[in-house]
Amino acid sequence: MMMKKILLLLVALMVATGIHAAESQKREMRAAWVATVYRIDWPTTVNNASAQKAELVAYLDNLQAQHFNAIYLQVRTMCDAFYQSSYEPWSSYLTGTRGKNPGYDPLAYAVEQCHARGIQCHAWINPYRWSTGTNWNTTQDQELKNTGMLLSYTSGSTTYTILNPGLPETRQRIVNVIKEIINNYDVDGIIFDDYFYPNGIPTNSNAADYDLWNNSNVDMTFADWRRNNVNMMVADVYNMIQQTKPEVRFGISPAGVAGTAATSA
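Everything quoted here is computed from the prediction, not taken from an experiment.

Caption draft 1: Representation of the pattern of salt bridges in the model. Using the criterion set out here, one finds 8 salt bridges in the structure. Put simply, Glu88 and Arg76 hold a salt bridge, and the shortest N to O gap is 2.5 Å. Within this pair, whereas Glu88 is found in the loop between β2 (70-76) and α3 (92-95), its partner Arg76 is found in strand β2, the two being separated by 12 residues in sequence. With a relative accessible area of 3%, Glu88 lands in the buried category. Salt bridges here are not isolated pairs; linked through shared partners, they connect Arg76, Glu88 and Arg173.

Following this line, the structure appears as structure tokens:
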């Protein structure tokens, strides 16, 4: 009788352990980043909707086979769009020409194909970057120039341009862009990558936004003012998501530190 009770107890423990393991596995995030800027990962072709779709499906089939359950798909690389947007021009990485319609909606297609495989689709957003040297000139880009929302700096021989984080208009534009995405697409999350004010931007009176800080009448250092600008943008985006569609996850990937020395690990 005692042996029977012990066996029943062992069976109960094994069942409970199995349930706990299944629950843990169910909640585990196993995600892959799919970079579209410069066509790093996808798409590797331009002006070919069929080839782009087939390539994405091949990626997703491979990820499904390896038991991934989420992707972070980069849908806004430089104030452009891999989806139908009323704010941003179509990305040049789809067709080779900024503003040119690719003939299909990549984000809608990605969400559909992901969900058919039980894979979450998170929209990866670059909040500020506008250009790494190219002077974009679509109608939407010209509007940004006319409103004075762009902030540029030169590093080496390249001029980099971002949306100016110190302007309330910038924060509102980013909120509007993301609100449009979560309202129009069944994405599972919004994620930012690892930069805000980019590395290399001047931190002294040579900075293009130095006068904006100097005239802001805030009791903050230049660096703290910049950090606070980013904090306010993140808070605005988070609050909007909570009010609009709280089931959508919102996250930020911190900057990684690369190193080649054996001590880096």
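Let us keep going from here.
Caption draft 2: Highlighting the packing of helix α6 (residues 168-184) against helix α8 (residues 222-244). Following both chains from N to C, one finds α6 and α8 inclined at 30°, their axes separated by 10 Å at the closest point. As the angle between them shows, α6 and α8 are arranged roughly parallel. In this structure, the crossing between α6 and α8 has a hand that is right-handed. Here α6 contributes Arg171, Ile174, Val175, Ile178, Lys179, Ile182 and Asn183 to the contact with α8, which in turn contributes Asn229, Met232, Met233, Asp236, Val237, Met240, Ile241 and Thr244. Residues belonging to the contact of α6 with α8 are distributed by class as follows: 9 nonpolar, 3 polar and 3 charged.

Caption draft 3: Representation of the layout of surface pockets within the structure. In this model, the largest pocket occupies a volume close to 190 Å³. In terms of lining residues, the largest pocket is bounded by Phe196, Tyr197, Ile201, Thr203, Ala223, Arg226, Arg227, Val230 and Asn231. A per-class count over the lining of the largest pocket returns 5 nonpolar, 2 polar and 2 charged. Every residue along the wall of the second largest pocket is listed here: Tyr153, Asp194, Tyr195, Phe196, Tyr197, Pro198, Asn199, Ala255 and Gly256. Counted by class, the lining of the second largest pocket contains 6 nonpolar, 2 polar and 1 charged residues.

Caption draft 4: Geometry of the sheet that holds strand β4 (residues 129-131). Spatial ordering of the open sheet is given by β4-β6-β5, a layout of 3 strands whose pairing is antiparallel. Edge positions in the open sheet fall to β4 and β5 (150-155), since each of these has one partner strand only. With direction set aside, neighbouring strand axes in the sheet form an average angle of 35°. Examined bridge by bridge, β4 and strand β6 (residues 158-163) share 2 bridges and lie antiparallel to one another. Bridging from a neighbouring strand, Arg129 pairs with Ile162 of β6. Strand contacts of helix α5 (residues 139-147): β4, β5 and β6, with the helix running at about 105° to β4, the strand carrying the most contacts.

Caption draft 5: Spatial organisation of the sheet that holds strand β7 (residues 189-192). The 5 strands are arranged β1-β2-β3-β7-β8 in an open sheet whose pairing can be described as parallel. The sheet terminates laterally at β1 (31-34) and β8 (249-252), the two strands that pair on one side only. The mean inter-strand angle of the sheet, taken between neighbouring strand axes irrespective of direction, is 25°. As defined by bridge partners, β1 adjoins β2 across 4 bridges and the pair is classed as parallel.

Caption draft 6: Focus on the nonpolar core. Formed by 63 residues in total, the largest nonpolar core has its most connected members in Leu107, Ile181 and Ile190. The element best represented in this core is α8, accounting for 7 residues. Leaving out residues up to four positions away in the same chain, Ile181 has contacts with Val75, Tyr83, Leu107, Ala123, Ile125, Val187 and Ile190.

Caption draft 7: Representation of helix α4 (residues 106-116). Buried residues of α4: Pro106, Leu107, Tyr109, Ala110, Val111, Gln113 and Cys114, and no others. Among the structural elements, α2 (49-65), β2, α3, β3 (120-125) and α6 are those in contact with the buried residues of α4. Its side-chain oxygen 3.2 Å from the backbone nitrogen of Leu107, Asp105 forms the N-cap of α4. Looking one or two residues past α4, Gly118 carries a phi angle of roughly 70°, positive in sign.

Each value, and the rule that gives it
Residues numbered from 1 in each chain as written. Predicted model: local features only at pLDDT ≥ 70, side-chain atom pairs only at ≥ 80, totals over all residues. Heavy atoms only, no water. Salt bridge = Lys/Arg side-chain N within 4 Å of Asp/Glu carboxyl O. Helix = DSSP H or I, 4+ residues; strand = E, 2+ residues; numbered from the N terminus. Buried < 20%, exposed > 50% of the residue type's maximum accessible area, 1.4 Å probe, protein only. Axes fitted to C-alpha atoms, helices over the stretch in contact; angles between N-to-C directions. Parallel < 35°, antiparallel > 145°, perpendicular 65-115°, else oblique. Left-handed = near helix turned anticlockwise from the far one by under 90°. Contact = heavy atoms within 4.5 Å. Nonpolar A, V, L, I, M, F, W, Y, C, P; charged D, E, K, R; others polar. 1 Å grid on protein atoms, 1.4 Å probe; cavity = no way out; pocket = protein on both sides within 12 Å on 5 of 7 lines; lining within 4 Å. Points joined across faces, edges and corners; volume = space filled by probe spheres on them. Pairing = 2+ DSSP bridges. Core = buried A, V, L, I, M, F, W, Y, C linked by side-chain atoms within 4.5 Å. Polar contact = N/O pair within 3.5 Å; in protein donor to acceptor, adjacent residues only side chain to side chain.

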